[in-house]
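So the chains spell out like this:
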Amino acid sequence: MSTVADALVQRLRTWGVPRVFGYAGDGIDPILAALHRSGGDPEFVPARHEEMAAFMATGHAKYTGEVGVCLATQGPGAIHLLNGLYDAKLDRRPVVAIVGQVVSTALGTGYLQEVDLHALFKDVCGQYLQTVFAAEQLPVLLDNAMRTAISERVPTCLIIPHDVQRADAVDDLPHSHGVVPSSAVTARPRVLPREDDLRRAADVLNAGRRPALLIGRGAAGAEHEIARVVEALGAGATASLVGKPVVPEDAPWHTGVMGHLGTTASAELMAGCDTLLIVGCNDPWTEFYPEPGQARAVQVDIEARVVGSKYPVEAALVGDSGETLRALLPLLRHNPDRDWEQKVFADVSRWRTLAGERARTPADPLNPELVVHELSGALPPDVQVAVDVGSSTYWYARHLALPVGAPAHTSSYLASMGCALPYGVAAKLRAPDRPVVALVGDGAMQMSGLLELITVADLWRTWADPRFVVLVLHNRDLNEVTWEQREMEGDPRFPTSQRVPDFPYAGYAELLGLRGIRVDSPDQVGGAWREAFDADRPVVVEAVVDPAVPLLAPHLPDEKVAKIHQGLDQEPEGGAEREHLRRQRAAEGHGE
C-alpha cells in the first residue's frame, strides 16, 4: 500500500518537477523514503543548509521559469527556509515549499520542534498556505499550491504532519460531499492592451523629441521589438539590474544599467530625456528616474498593479511585453530627427572608454574592476551567470558584457547576500552541459559560499561540462556597506563590523579536490581566466583586490561627495580612497 508521501512524490512527478532541493530531518522521513523509492524522479538535491535549499529552488525558478520546490523538516528546518522564500516572494518567482510538522495528535502541546508554521509562513507564503490533515486532501492542496505559485509568481507552502505523511494514500477519491477532485494542470492567458490605450501611448511617444526606454526583466523575449522601437523613435535604452540580460549590451543605443550601480551614459539618458517608455520594469531606485514632470511616460507591464507605481505614467499598457510592442509598432512614426540618437551614441562611447580606463587604474594590489572587465572577453557563449550581493554586483552591472542570451540572476529586491552559489548549483543542474560563473564577494563567500562549495565538490563529476567558475573578490572588507557608511551617513568605516577575516579561498578549493587560482597582480588576470575555463573541474579564482576602489553612483551629487569626505576625514588611513574618488570624479567631468 502506498502512503501519502508516495502520493506526494507521484503528484510532483505529474507536475513535471525534475528535482526537489532540501535537507533531511526526521519530520520528513516518510517523504525522503518516498523520494528514495521513486528512483530519482524527481531527484532529491541535498544542500548544506535549508536556507540554501530555498535559494536553490528560487534559482531553479529564475533560470528555468518553472516552479522550484524545496523540502524541510519542522521547527528549525522550516525557519531556515524563510530567507530563500522571501527572495522568491520579492522577485516574484514560483516556488513551493513542502514542510514537515509534528504528529497531529501532538499539535498544541508544546512538543519537541513544534512551531506555529502558519504564523511563521503567513507573510512569505500568504497567497497559499495550507496543512494536509487527511489523505484525501493531498492532491487538491498540492495542485492549488502549484497553480497559485505559477499564476501569481509567488512562493506557496504545504505543511504535512508526520503521521499524515505515513498514512495510506487514497488512490480513488470517492465522489462525495466534502471531497474535492483536482487536476495537475494550469495555463497562462494571452494579455493585450486595448486599442484606445495603444493609440494614447503612440501619441505620447510620437510627440517626444528625446525618447528613452527603461528595460526590466519583464521585457525578456521582446528584444527584437525593443530594437525596432528604438530605431523608430531614435531613442536610447537603459536597463534595470535584473533587466541587464534582456537586450545585448553592444548596441550603440544601449547605455547599460541604470541607477546606483549603473553607468554615466544611463544617468545622462535619464537626465536628458523628455519621453520615457518603461517596459517590464518596476525598479525601486526612483531617484534615478527622470525628475517628475520632466518626461511624459508610457509603461508596458503584464501586471496592472505595478503600472504607474514608480513614476507618473500618462499612458498605461497592460499586456505581454513582446506582443504589446508588436501591436504598438505600426502606430509609431519614424523620427527623422537623429540629434538625440547621436548624443546617446556619443554618451555610450564615452562610458565604454571610461569603463576601460577605470579598469586599468592601478590599485593595491589589484583593481576589482579589471578582474570583471577581463572576464567579459573570456566568457563562453553558453555561460550561465550567478551574481551575489555586494561589491560584486556593482562590477557585474558595469563591466560584465553578457553573451547574447546568457541568463544572469541575483537576489534583486531582497538583495540577500549568499545567493550566488546556490543559484549557480541550480543553474548547473538545469543545464549540466553549460558552464556556470558565480561572482561573489568574500563576505558572501564566508556567509554561505564555503558551505555550498562542498555541494559543488560533491556533484561536479556527474556534470557533462565540469566548468563551474567562482570568482571571489578577496578584499577583507564588507565593501558595499563600508562605502554606504561614508556616502549615506558621513560616517567612517567601522573596522570591527566591516572586517572580513582572511581566508585561503583558492587553498580551500584545492582541499575539496577542485582547482584554486590566486590572483594578486594585473598581469595574472588574463591567464587566470584562460586557465579557469580550460580546467577539467570547478575552479575558484581568488582575486586579492583593493577595497579603496569606490562603489559610487554615476554623477554623484556634491552633497553626497561631501558626506564621503566627512567619513574619510575621520579614518586614519583614507588616502587611497580619496585619490580613487578624485580620479573618478575628474573622469566624469566633476571637480572636487
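Residues numbered from 1 in each chain as written. Predicted model: local features only at pLDDT ≥ 70, side-chain atom pairs only at ≥ 80, totals over all residues. Heavy atoms only, no water.

Looking at an unreviewed UniProt entry, one finds the protein chain named Pyruvate dehydrogenase (Quinone) and attributed to Saccharothrix algeriensis.

Moving on: the sheet that holds strand β13 (residues 384–387). Strands sit in the order β14-β13-β15-β16-β18-β17 across an open sheet of 6 strands; the sheet is parallel. Of all strands in the sheet, those bounded by a partner on one side alone are β14 (408–409) and β17 (515–519). Bridge count for β13 against β14 is 2 bridges, and the pairing is parallel. Its bridge partner lying in β14, Ala386 is registered against His409. (Pairing = 2+ DSSP bridges. Helix = DSSP H or I, 4+ residues; strand = E, 2+ residues; numbered from the N terminus.)

Turning our attention to the packing of aromatic side chains. Throughout the structure, instances matching the rule amount to 7 aromatic pairs. Relative to Tyr505, the ring of Phe503 lies with its centre 5.2 Å away and its plane at 55°, an arrangement referred to as tilted. Residue classification places Phe503 among the partly exposed positions, given a relative accessible area of 25%. The class for Tyr505 is buried, based on a relative accessible area of 1%. Cluster of aromatic residues (ring-pair linked, three or more members): Phe503, Tyr505 and Tyr508. Positioned above the aromatic ring of Tyr396 is the side chain of Lys244, whose terminal nitrogen or guanidinium carbon lies 5.1 Å from the ring centre. When the ring centre of Trp483 is taken as reference, the NZ or CZ atom of Arg486 above it lies at 4.5 Å. (Phe/Tyr/Trp six-rings, centres within 6.5 Å; stacked < 30°, edge-to-face > 60°. Buried < 20%, exposed > 50% of the residue type's maximum accessible area, 1.4 Å probe, protein only. Lys NZ or Arg CZ within 6 Å of the ring centre and 35° of its normal.)

With that settled, the discussion passes to unusual backbone geometry. Note that the residue after Asp41, namely Pro42, is joined by a cis bond; omega there is 5°. The topology assignment puts Pro42 in the loop between α2 (29–37) and β2 (43–46). Cis peptide bonds are those with omega within 30 degrees of zero, and the linkage from Asp364 to Pro365 qualifies with 0°. Checked against the element boundaries, Pro365 lands in the loop between α13 (339–360) and α14 (368–378). Residue Arg153 is not a glycine yet carries a positive backbone phi of 55°. By the secondary structure assignment, Arg153 is in the loop between α7 (138–152) and β6 (155–161).

Secondary-structure assignment places Glu303 in the loop between β11 (296–301) and β12 (315–318). The residues touching Glu303, leaving out its near neighbours within four places in the chain, are Arg92 and Arg153. (Contact = heavy atoms within 4.5 Å.)

Looking now at the UniProt feature "domain: Thiamine pyrophosphate enzyme TPP-binding" (unreviewed entry) in the protein chain. Mapped onto this structure's residue numbering, the UniProt feature "domain: Thiamine pyrophosphate enzyme TPP-binding" (unreviewed entry) falls at residues 388–542. Secondary structure across residues 388–542 divides into 45% helix and 15% strand, with the first and last C-alpha atoms of the span separated by 15 Å. (UniProt positions renumbered as here; feature names shortened; annotations may be inferred.)

UniProt's entry tags residues 3–119 with the feature "domain: Thiamine pyrophosphate enzyme N-terminal TPP-binding" (unreviewed entry), counted in the numbering of this structure. As a span, residues 3–119 carries 44% helix and 17% strand, and end to end its C-alpha atoms are 28 Å apart.

Glancing now at the packing of helix α18 (residues 479–489) against helix α22 (residues 558–568). The description of two packed helices rests on the angle between their axes and on the distance between the axes. Packing of α18 against α22 leaves a shortest axis separation of 6 Å and a crossing angle of 120°. Relative to α22, the element α18 lies oblique. The interaxial crossing formed by α18 with α22 has right-handed handedness. Facing α18, whose interface residues are Trp483, Arg486, Glu487, Met488 and Glu489, α22 presents Lys560, Lys563, Ile564, Gln566 and Leu568. Each residue belonging to the contact of α18 with α22 can be placed in one class, and the counts come to 4 nonpolar, 1 polar and 5 charged. (Axes fitted to C-alpha atoms, helices over the stretch in contact; angles between N-to-C directions. Parallel < 35°, antiparallel > 145°, perpendicular 65-115°, else oblique. Left-handed = near helix turned anticlockwise from the far one by under 90°. Nonpolar A, V, L, I, M, F, W, Y, C, P; charged D, E, K, R; others polar.)

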